[in-house]
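So you can see what is in the structure, the chains are spelled out below.
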Amino acid sequence: MTDPLLVTQSGAVRTWTINLPHAGNAITDKAFIAAFEAAVGAANADTGVGAVILTGAGKIFSAGGNVKEMADRKGMFGLDAIEQRYAYVDGIQRIPRALARLEVPLIAAVNGAAVGAGCDLAMMCDIRVASEKASFAESFVQLGLVPGDGGTWFLQRAIGYERAAEMTFTGDRIDAATALSWGLVSRVVPHDELLTAADDLAQRIAANPPHALRMAKRLLQESRTGSLESTLAMAAAMQPLAHHDGEHERRIEKWRTV
């Protein structure tokens, strides 16, 4: 049986590759979701992991839902309305919840089309690096659907309400250059250099002290929805932990000699 998610590591950088090219790297399969949750737990438990890269096998990043199963009314798509509601909760919605628990920075290396839930998955990552061949579509309405995976929450936080509304209401696809100009990705690189560029960025991130890096990510995430006062309180609680970490002491001594 093919592993739905391949996990490899180079130094302190772990790479997750969605390995379902025959199904458009669909992310609705229960085996994939379980493997994804396990990968998050393993990364959290290993302080030797400083950053994670997420990419897709083959020519696309992810087509999101399995459109063939939708058309054939198979799996969760063959359930009645009430059962299907809970299938979303116990299915694809486990992915954003798992990523909310991920303690290390996550970089999407978008190697091709990111469509529907695949587009939303890229939005769930902290940073997005795109191949010049990448494209993005919040395509649910074109199939008579709505984003069922939290896409309406993530997309507007990445590019603002108005552009998120345009993508959501039209379902139109945007290319990598447009994604860059809209701030949906942080950079666009030649296709053959995508993983090298993502790894270079991830290695620079992972070179920082692991505990400070994980706390910085949590503080940044909580700051998206929390008040200034709650953010200041969390920062005040975290900073002494960083000050008393041996890594801080070693690095401040090194800076003093520069």
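Residues numbered from 1 in each chain as written. Predicted model: local features only at pLDDT ≥ 70, side-chain atom pairs only at ≥ 80, totals over all residues. Heavy atoms only, no water.

1. A short note on the environment of G65
Filter applied, for reference: In this description a helix means any DSSP run of H or I spanning at least four residues, a strand means any run of E spanning at least two, and both kinds are numbered starting from the N terminus. For each residue, the accessible area found with a 1.4 Å probe, counting protein chains only, is set against the maximum for its type, and the residue is called buried under 20%, exposed over 50%, and partly exposed in between. We call two residues in contact whenever any of their non-hydrogen atoms come within 4.5 Å of each other.
Residue placement: G65 occurs in the loop between β3 (51–56) and α2 (67–72). By relative accessible area, which is 11% here, G65 ends up buried. Each C-alpha atom of the pair G65 and N25 lies 8.8 Å from the other, and the pair is 40 residues apart in sequence. Not counting residues up to four positions away in its chain, the partners in contact with G65 are A26, T28, M70 and A117.

2. Some words on the domain arrangement of the chain
The condition that has to hold: An automatic or database domain assignment supplies the start and end points of every domain. The term buried area means the drop in 1.4 Å probe accessible area that two parts suffer when joined, counted for both and summed. The term salt bridge refers to a pairing of a side-chain nitrogen on Lys or Arg with a carboxyl oxygen on Asp or Glu at a separation within 4 Å. A 3.5 Å cut-off defines polar contacts: any pair of N or O atoms within that distance qualifies, except that in protein one atom must be a possible hydrogen donor and the other a possible acceptor, and neighbouring residues in sequence count only when both atoms are side-chain atoms.
Taken domain by domain, the chain consists of domain 1 (5–207) and domain 2 (210–255). Taking only C-alpha atoms into account, the centre of domain 1 sits 27 Å from that of domain 2. The interface is formed by 20 residues belonging to domain 1 together with ten residues belonging to domain 2. At the boundary of domain 1 with domain 2, total buried surface from both sides reaches about 1100 Å², with 44% on carbon and sulfur atoms. Per-residue buried area on domain 1 facing domain 2 is highest for T47, E103 and R157; these three make up 37% of the total on that side. Between D126 and K217 there is a salt bridge, and its shortest N-O distance comes to 2.9 Å. The interface formed by domain 1 and domain 2 holds ten residue pairs in polar contact (both at pLDDT 80 or more) in total.

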